[in-house]
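Spelled out, the chains give:
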Amino acid sequence: MRKNKKYVRMLSVICGVLLAGDSIEVLLLSLLGPLLMASEWNVTVNQVSILQATIFVGELLGSLTLGPLSDIYGRRPLTLAANTMIFIAGLGTAFSTSFWALVFLRVVVGIGIGGLSVSFDLLSEMTHPSARGKQMLGQQYYWTAGGLLTSLFYVMVG
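Computed from a predicted structure; not experimentally measured. (Residues numbered from 1 in each chain as written. Predicted model: local features only at pLDDT ≥ 70, side-chain atom pairs only at ≥ 80, totals over all residues. Heavy atoms only, no water.)

Draft legend 1. The arrangement of helix H2 (residues 45–73) in detail. Taking 1.5 Å per residue as the helical rise, H2 with its 29 residues ought to reach 42 Å, and the 41 Å between its terminal C-alpha atoms agrees with that figure. Where H2 bends most, at glycine 62, the angle is about 25 degrees. Taken as a whole, H2 has its buried residues at Val48, Leu51, Thr54, Ile55, Gly58, Glu59, Gly62, Leu66, Gly67 and Ser70. On its buried face, H2 sits against helix H1 (5–37), helix H3 (75–94), helix H4 (99–115) and helix H5 (117–126). Of the residues flanking the end of H2, it is glycine 74, one or two places downstream, whose phi is positive at about 110 degrees. (Helix = DSSP H or I, 4+ residues; strand = E, 2+ residues; numbered from the N terminus. Expected span 1.5 Å × (residues − 1). Bend = angle between axes of the 7 residues up to and from the residue. Buried < 20%, exposed > 50% of the residue type's maximum accessible area, 1.4 Å probe, protein only. Contact = heavy atoms within 4.5 Å.)

Below is the structure:
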């Protein structure tokens with residue numbers, strides 16, 4: 001693959017948006033916890049804690065499995081698989097009919113998020129070594145932007 005600036009810029013934005021989405025996923029559940037407790041599901045504080053932890057369990061599983069699989073099958077197919085997993089399971093969470101179905105789908109979303117580390121490997125590999133540190137550090141701004149946008153949206157709607 002040719003290293004060129006346009007490709008690296010595009011990949012940088014894609015990775016950044018994925019990282020912002022990860023930030024939104026993490027913050028969203030902490031903001032929605034009280035709403036779940038007041039919902040028709042009668043979710044307890046312990047269940048909200050379980051739900052919030054499941055995303056991280058999934059991220060751990062995704063990092064441990066999808067990273068090594070990307071070495072075998074390639075970074076691009078695994079990045080696409082991780083994104084597809086996040087999209088389908090994330091959409092499924094909106095239509096969950098029980099708490100435990102929601103927990104399961106959040107684990108699957110977490111596995112997909114854990115697999116997003118593959119896209120950052122690709123970005124790091126494609127970035128010139130002299131710019132790699134600055135490029136990877138700059139990705140953290142997207143995490144912050146995702147958190148800020150989530151909080152702002154919550155204040156505007158809530």
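Draft legend 2. Structural view of the environment of methionine 85. Mapping methionine 85 onto the fold places it in helix H3. Judged by its relative accessible area of 25%, methionine 85 is partly exposed. When the C-alpha positions of methionine 85 and isoleucine 113 are compared, they lie 8.7 Å apart, and in sequence the two are 28 residues distant. If near-sequence neighbours (up to four positions away) are discounted, methionine 85 is found in contact with Gly90, Val108, Ile111 and Gly112.

Draft legend 3. View of the environment of glutamate 125. Summarising the element assignment, glutamate 125 is placed in helix H5. Residue glutamate 125 is classed as partly exposed on the basis of its relative accessible area of 38%. A C-alpha to C-alpha distance of 17 Å links glutamate 125 and glycine 115, two positions ten residues apart in sequence. Within the local environment of glutamate 125, its side chain forms a polar contact with the side chain of arginine 75, the two groups lying 2.9 Å apart. (Polar contact = N/O pair within 3.5 Å; in protein donor to acceptor, adjacent residues only side chain to side chain.)

Draft legend 4. Structural view of the confidence of the model for the protein. Residues with a pLDDT of 70 or more make up 97% of the protein, whose mean pLDDT is 89. Ranking the helices and strands of the protein by mean pLDDT puts H4 first, with 93, and H1 last, with 86. (pLDDT = per-residue confidence, 0-100.)

Draft legend 5. Summary view of the side chain of arginine 75. You can see arginine 75 is positioned in helix H3. Relative accessible area serves as the criterion here: at 18%, arginine 75 is assigned to the buried category. When sequence neighbours within four positions are dropped, the list of residues in contact with arginine 75 reads Ser70, Val118, Asp121, Leu122 and Glu125.

Draft legend 6. Examining the packing of H1 against H5 more closely. Relative to each other, H1 and H5 sit at 155 degrees, their axes nearing to 10 Å. The orientation of H1 relative to H5 falls into the category roughly antiparallel. Between H1 and H5 lies a crossing of left-handed hand. Packed against H1, whose contacting residues are Tyr7, Val8, Leu11, Ser12, Cys15, Leu18 and Leu19, the element H5 presents Ser119, Phe120, Leu122, Leu123 and Met126 at the interface. (Axes fitted to C-alpha atoms, helices over the stretch in contact; angles between N-to-C directions. Parallel < 35°, antiparallel > 145°, perpendicular 65-115°, else oblique. Left-handed = near helix turned anticlockwise from the far one by under 90°.)

Draft legend 7. Representation of H4 in the model. The terminal C-alpha atoms of H4 lie 25 Å apart, and with 17 residues this matches the ideal 24 Å at 1.5 Å per residue to within 8%. Most of H4 is tucked away, with 13 of its 17 residues classed as buried.

Draft legend 8. Region of the structure containing unusual backbone geometry. Despite not being glycine, asparagine 42 has its phi angle at roughly 55 degrees, a positive value. With respect to the helices, strands and loops of the structure, asparagine 42 is situated in the loop between H1 and H2.

Draft legend 9. Main features of a nonpolar patch on the surface. The grouping of Ile24, Leu28, Leu32, Leu35, Tyr154 and Val155 at the surface amounts to a nonpolar patch, some 500 Å² of accessible area in total. Contributing elements (two or more residues each) for the nonpolar patch: H1 and helix H7 (140–157). Broken down by element, the residue count for the nonpolar patch peaks at four residues, all from H1. Along the chain, the position of isoleucine 24 falls in helix H1. (Patch = residues over 30% accessible without salt bridge, like charges linked within 9 Å, V, L, I, M, F, W, Y side chains within 5 Å. Areas by Shrake-Rupley, 256 points an atom, 1.4 Å probe, with all protein chains shown as cover. Salt bridge = Lys/Arg side-chain N within 4 Å of Asp/Glu carboxyl O.)

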